[in-house]
Amino acid sequence: MEPAQIGEHPGAGRSGLEVTDEAPGTDPTQGEPSLAEGTGKPPVDTAIALGRRLIGNLQEVMLGTPGALTAAVIAALSGGHLLIEDVPGVGKTVLARALSISLGAELSRIQGHPDLLPSDVTGVSVYAPDSGTWEFRPGPVFAHVVLVDELNRTPPRTQAALLETMEEQQVSVDGESFPLLRPHMVIATQNPLSQLGTYPLVESQLDRFALATAIGYPDAATEARLVLRQGGRFALGELQPVCTTGEWLRAQEATQAVTVSPGIAEYAVTLCRASRSAPGVRLGASPRAAIWVIRSAQAHAVLAGRPYVTPDDVKAVAIACLAHRLLTEEGVEHSVTVVRRILETTPGPRP
Amino acid sequence: MTLTAGPLPPVSPPTARERRAARRVGMLGNRRKGRVHPLRAVLPVAGALLIMVAWGTVARNSGSGWVQALGAALAGVLLTGMVWPALALRRARVHCTGCPTDGSAGLPVEIMVGASARVRVEPLEPSGPETFVGPGNRSQRGEAGIVTLVPGGRGIHPSIVVELATAAPFGLLWWARTVRVPLPTDLHIGPRPGTALALPPRHDERAGESSRRIPTVVGEPRGVRPYRPGDSRRWVHWPATAHSGELMVREMEGPTAEPILVNVILPSSPVVAEQLAGRAYATVQELLDRGSPVLLGTVEVNGPCLARVADRRAASRRLARAVNGSGPGPGEITVETTGPDR
Amino acid sequence: MVKRANRPGAPEHSIPLRVASAAAVLTGIAATRAEGELSTLVAILTGGLVAVGMVFSYLTRERPQGWVKPTLAIAVVVAFSWFFYRITSHTVTDISAVESPLAVLFAWIQVTHAFDVPARRDLSFSLAGSASLMAVAAAQAVDLAFGIYVLAWLVFGLWGLMGMWRSASEGGRPGLPGVVGSLAAVAAVALVVVAVLPAPHVAQNISFPSASPGDVAIPGQGTITGDGKNPNEPAKAGAPGGPTQVGGFLGFSKHLDTALRASLGNQVIMRVRGSSSSYWIGETFDQWDGTSWISTGRNLQQVGTGSPFGIPEPNDQNSPGTPTLQTFYLATYGPNLIFHAANARVVWFPAGHLFVGSDGTVLSPVTMGPGTIYTVQSSVNQASPALLRGSSLLGDRLPSGALKLNTQLPQSYTRVANLARAITDTQPTTYDKVEALISWIGSNTHYSTNIPPLPKGADTVDNFLFGSRIGFCEQISTTLAVMLRSLGIPAREAVGYVGGSYNPITDLWEVRANDAHAWVQVWFPGFGWQSFDPTAAVPGADPTPGTALLRDAGGPLSRLPVVPIGVTLAVVTLLVVVRRWWQRRPGSWEEELTGRIERVGIRAGRRRRPDETLTEYAGALDTLAGDRSGTFRSLAWMVEESAYGGRPPSAESRRRALETVRSVRIDRGPAQADQPAQAVQPGR
């Protein structure tokens, strides 16, 4: 019963925010790393700056949960979807709201419950008597940031529809396709403890989430501050966007341009392959997992102020990217342990 | 309502086998960790020396070169037979390929152990009977053998300590090495169920017409779901079962009943602590069977822990984690109802 | 609680293990039979009973029959009683009988044991018991054919031992590499033991073998027969009637006719077990007639009433020597001479009496052929040159009769005497004179067995010295003896065999027909008859099995093309070394810097874990060094930016980084614990 393990990075506090502050790249004695200027690539430094501003903004709201915060920003920068698995009341919704506000995006919220129909998510074509045509009324999924609360309480049909949109980046209704807004980010939450009356997500659906994280309980001092500040909601009102959705999209593109050397990619693939043969694992990480490990590592590198990915980035995001995809005999807690053991036993790349 | 159970007198001191195992596990800590050492070497070595001395005498007295040549071959066999197992043991690797996640103190737990060479495996911590694993006639190369652990007490084992021994290939001298084998999953050894505390009948049973009536399922029925191990058979929803063809049980919206608090304080004496934990486990089990939500309070390494236990396994794990000597005095179990049914 | 030792083991169900154990025992019995220590009847009986007993044990392994153990106990008692009766009531001569009581006892113990082997441990006793049978058999083995039994026994024994492990480990099966490796280890250890241990060479004081399987009495008192096949055929002293027979060295007779020429075969005449190789003397001759040596002063007398025979000291022999033992295993029929080294003192021989001459010649009263074994204890008084040089001053002289006989010459030999005097004129002592003559002969004559016959009427010595100067041992030794006699030094001719070639496996000297030899014995007052071989140098040092093996292997090895092999080996070694160095060599600037950082860490006792990233490791080193400025992290950052970011720093930065890491030390002493800032000391 240690839910705080979920999505916890190896040394979340160390590699999360603090690295951003203390990375050698910002060491004045070494000089600012010259970014990829004039190479035709999207400038990474805009993404770096955006990332820093995002982190700073979110810290205003989310206190004492650097791991989840970093995961959320990584998801935003890498263009992946985020799954938050935690008990109620730790600020899942606040995190999603703060992120959407900071990104200058509109947030639409879907509360999962057993009666939720696919059309409630995607939208529905209604007959317009005046024009005599079927008119599509977009559902809540048509937003830049979609928060799906308690995803595992929605019936599998609806889950499937929602997750389909996540993958396809479009909605098909009555043979007509409607593209989603870009950037598009789904933040889903589920409560791992109360499994009563839920429809557990199957592994193929879990695989669509780039990262899974837990928020975890804040420590006593932070909790006291939280209570004073009304759990962050107070701050939410004062939160200002740090960018527009256009800038966000460009930052995503820039993040994808972060250099990944072949050795790093190999390391990520090795980790994923190792998860397939790890003891106690019934289903290992898919090739898609390796892709998201790399993209998340790129975002992590951006947060660390680097235009290139190092093995540390991969290690930092491995648990968040891989644990939820593993199907073990023992559930999520054990998946985290498995990934941690894989990290401990896989030799890192050498320059 | 508050029920308290004090400790029972200890039953038996640890057996000689357990003491021996503990001593050998203790060697892990000091310099002999992982050192390959011979087992009961005196007799084989003395026998070999005797044979060689006798042979030398015969060789000298007969003056025959053939005796000497045979003696050299014999010396080769004896020396190889005595040293080879040590070398084989250094190279032997064992790993656990499968292990259950939960077990009970005093009850056997079977784990799958694979070995690169045929070795005798004797679990020391938790202890258990020795068995042979590794490639052999009855199992193919690399196929895992089953090692049985009989844990003496509660605990969580991320790894087990075993003594590997071999006398390959001539069976002349046994060599042993104590190694720690990581388990793929933590092994939670919960208490062995003891006698439950005498719980009062539920308030709606006070009429007393039957002491074994169907327990009221707390919460509101919400739907049905497939049967999962651990579900009470009284929750089986027969119409749905008939309809779907597989066993279905009713499931409830979050329980609304007030939970019953079971607080366990274990004494420092391991034997008494085991018994108390066993009783606590049985009590929680009975409460769960009644359908009551149970809040279990224990003291873990990190401090006191009070949380709901959903099923037996959760209770077993919580108690596995509970530390001995967590409170002053001889230890106790208290059962309190927190709700309005008093 | 029942003690473990008394608890019968679990019933052994493995049939292969039982088969292997039984086969090892049967091999032992067969080997014992082959060495003649069991009669065929006993061998068949015991072998059959062992097989039956093994089957019986297997069938009753789970329900031991109550009557078996008492019955077997009685059988064992009976066997032991018979054994003690045999060894106490029979004289030593009877050890020569075809049956050895010890072997019979072992075989019967195996039989009784075979009926009660329900458990694995009992089977191991069977294996050990088969080893004792093999030991008994090996003690008598003299030829390489015994190797077949050794090989078979080793195969069965190892099979059985592996079966033991397989059974003990509930079906463990050693893989092929394991089997091959362990067998190689067994062979290696055995070879090392053989090479290191000195060979036993000779029996020591338990029993001295002697056997005479087909003895036929030789008519006449002390007749020398030429061939043990026919006791009535006297030794041929004259011209051979036909092709020379095996062992038919014409010298083993009353006469040695140096005018005869014969070619000797290569057949093994006998095998000798002795503490060292020696000249095995058959007989000596004292009278020289110009072409032949004749034994005249032998004065044979009959000694003893049974083995062992004490040989009376010859009246011209006075000095005690070192006792040494030799056992002779005859392989062919031969003369009834009992060979020995130096002077025989005790002889173990399966006969009622022996004939001994005053010159030390020992004759058997029975014929000797294949299977005849006898042991001789000799007294060797080989004196050092220094002692011999002083010998004329001390000790007694030859009795006058013997002196006269051993300085006898048939004619004046003026030329020979003049030559001998010319050679030895400057030599002060007898020994030096002998040595001078030997060296003169060695440098002025040639050895050949293929020489023309002696002309009619010619004198062998004259013909040799002033004629061809080519000859073989008879001519050479006779010449030396005659030259010595012409100087007044007592000398006589000895015939016998030289040591033979050493077989390291059987630990025996194999004496062949062409090892027959003739040499000279010179009298030294105080030291007796000393052998001198002018034909060849003194026999070589006592070889050990290891040196013999090396010597045997040395021949083929020395013919190998050493230079090409050496060059190839050197090139391959060089290639391997270069390749490893190439692989270890840091391939890039990043690898070099990483390696240097790791070396700094290793020196500080903090090795990098394989899963650790360079940044993590550098951070740990910074922490270890108490370095807040992050020297190592800066270095790691440079490496990673170059390796993963594709942006190598300038050459100057690289150089500075390498210099930094080269000069950095992490001191972990307690004194530095308070001053972490100074713990890292960059150079310059």
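1. Some remarks on the overall build of chain C
When its secondary structure is counted, chain C shows 19 helices and 20 strands. Scored against the burial criterion, the 684 residues of chain C give a buried share of 46%. Restricting the contact set of chain C to residue pairs at least 6 apart, pairs at least 24 apart contribute 75%.

2. Here we look at the overall build of chain A
A count of helices and strands for chain A gives 14 helices and eleven strands. Counting every position in chain A, which comprises 351 residues, the buried fraction comes to 53%. Once local pairs closer than 6 in sequence are excluded, the contacts in chain A between residues at least 24 apart make up 79%.

3. Details of the sheet that holds strand β18 (residues 508-512) of chain C
All names here are of chain C. The seven strands are arranged β7-β10-β13-β8-β2-β18-β17 in an open sheet whose pairing can be described as antiparallel. Pairing within the sheet leaves two strands with one partner each, and these edge strands are β7 (309-310) and β17 (501-503). Relative to strand β8 (residues 322-330), strand β2 (residues 268-274) runs antiparallel, the two being bridged by five bridges. From the neighbouring strand, M270 faces β8, where its bridge partner is L330.

4. Some details on the sheet that holds strand β4 (residues 287-288) of chain C
If you walk across this open sheet you meet the three strands as β1-β5-β4 (chain C), and the pairing is antiparallel. Lying at the two open borders of the sheet, with one neighbouring strand each, are β1 (255-257) and β4 of chain C.

5. Details of the interface of chain A and chain C
Chain A puts 24 residues into the contact, and the matching count from chain C is 20 residues. Mapped by element, the contributors of at least two residues to the side of chain A that touches chain C are α13 (311-322) and α14 (332-345) of chain A. Looking at the side of chain A that touches chain C, its residues break down into ten nonpolar, eight polar and six charged.

6. Overview of unusual backbone geometry
For the bond running from A:R182 to A:P183, omega is -10°, close enough to zero to count as cis. Considering the arrangement of structural elements, one finds A:P183 in the loop between β7 (176-179) and β8 (185-190). Located in the positive-phi region is C:A342, a residue other than glycine, with phi close to 50°. The phi angle at C:Y413 is positive, at roughly 50°, despite the residue not being glycine. Tracing the backbone shows C:Y413 in the loop between α9 (400-406) and α10 (414-424).

7. Some remarks on the confidence of the model for chain A
Residue and element names in this part refer to chain A. In this model, chain A carries an average pLDDT of 78, and 83% of its residues clear a pLDDT of 70 or more. Across chain A, the element-wise mean pLDDT spans from 34 in helix α1 (residues 12-22) up to 91 in helix α12 (residues 287-303). Contacts from residues 1-40, a stretch scored under 50 in pLDDT, to residues over four places away or in other chains number 85 contacts.

8. Structural notes on the interface of chain B and chain C
Many analyses report the size of an interface as the accessible area lost when the parts associate. Contact with chain B, which involves 37 residues of that partner, is made by 46 residues of chain C. For the side of chain B that touches chain C, the secondary structure elements donating two or more residues are α2 (42-62) and α3 (65-91) of chain B. Of all the elements, α3(B) adds the most residues to the side of chain B that touches chain C, at 16 residues. Looking at side-chain class alone, the side of chain B that touches chain C contains 20 nonpolar, 13 polar and four charged residues.

9. Quick look at the nonpolar core
Formed by 212 residues in total, the largest nonpolar core has its most connected members in B:L70, B:L164, B:V284, C:A135, C:A138, C:V347 and C:L484. At 15 residues, the largest contribution of residues to this core is made by α3(B). Sequence-distant contacts of B:L70, that is, excluding residues within four places in its chain, are made with C:M134, C:A135, C:A138 and C:V150.

10. Observations concerning the environment of A:Q252
Residue and element names in this part refer to chain A. Note that Q252 resides in helix α10 (residues 245-256). By the C-beta count within 10 Å, which is 23 here, Q252 ends up buried. The spacing of Q252 and I74 is 178 residues in sequence and 9.9 Å in space, taken between C-alpha atoms. Ignoring any residue separated from it by four or fewer positions in sequence, one finds Q252 in contact with L77, G79 and P183.

11. Comments concerning helix α13 (residues 473-486) of chain C
Helical periodicity: at 3.6 residues per turn, an α-helix aligns residues three or four positions apart in one direction. Residue and element names in this part refer to chain C. Relative to the 20 Å expected for 14 residues at 1.5 Å per residue, α13 spans 20 Å between its end C-alpha atoms, a close match to the ideal helical length. Across the 14 residues of α13, 14 count as buried, placing the element largely inside the fold. Taken from the residues just after α13, G488 is the one with a positive phi, measuring 90°.

12. Topic: helix α2 (residues 40-59) of chain C
Residues and elements named next belong to chain C. Across its 20 residues, α2 extends 29 Å between first and last C-alpha, which sits within 8% of the 28 Å expected from 1.5 Å per residue. Every buried residue of α2 is accounted for by A43, T46, G47, V50, G53, M54 and S57. In a view along the axis of α2, the buried residues occupy a sector of 130°, so they form one face of it. Away from the buried face of α2 by more than 90 degrees, exposed residues T40, L41 and L59 are located. Buried residues belonging to α2 abut α1 (15-34) and α4 (101-114).

13. Thoughts on the packing of helix α3 (residues 66-78) of chain A against α12(A)
Each pair of packed helices gets described by two things: the angle between the helix axes and the distance between those axes. Residue and element names in this part refer to chain A. Where α3 contacts α12, the two axes come as close as 8 Å, and the packing angle between them is 110°. The orientation of α3 with respect to α12, classified from their angle, is roughly perpendicular. When you trace α3 past α12, the crossing you get is right-handed. Each of T70, V73, I74, L77 and S78 in α3 lies in contact with α12, whose residues at this interface are R295, S296, Q298, A299, H300, V302 and L303. Partitioned by chemical class, the residues of the contact of α3 with α12 number six nonpolar, five polar and one charged.

Cut-off values and rules
- Residues numbered from 1 in each chain as written.
- Chains lettered and ligands numbered in written order.
- Predicted model: local features only at pLDDT ≥ 70, side-chain atom pairs only at ≥ 80, totals over all residues.
- Helix = DSSP H or I, 4+ residues; strand = E, 2+ residues; numbered from the N terminus.
- Buried ≥ 20, exposed ≤ 12 C-beta atoms within 10 Å, placed from the backbone.
- Contact = placed C-beta atoms within 7 Å.
- Pairing = 2+ DSSP bridges.
- Nonpolar A, V, L, I, M, F, W, Y, C, P; charged D, E, K, R; others polar.
- pLDDT = per-residue confidence, 0-100.
- Core = buried A, V, L, I, M, F, W, Y, C linked by C-beta atoms within 7 Å.
- Expected span 1.5 Å × (residues − 1).
- Arc of directions from axis to C-beta.
- Axes fitted to C-alpha atoms, helices over the stretch in contact; angles between N-to-C directions.
- Parallel < 35°, antiparallel > 145°, perpendicular 65-115°, else oblique.
- Left-handed = near helix turned anticlockwise from the far one by under 90°.

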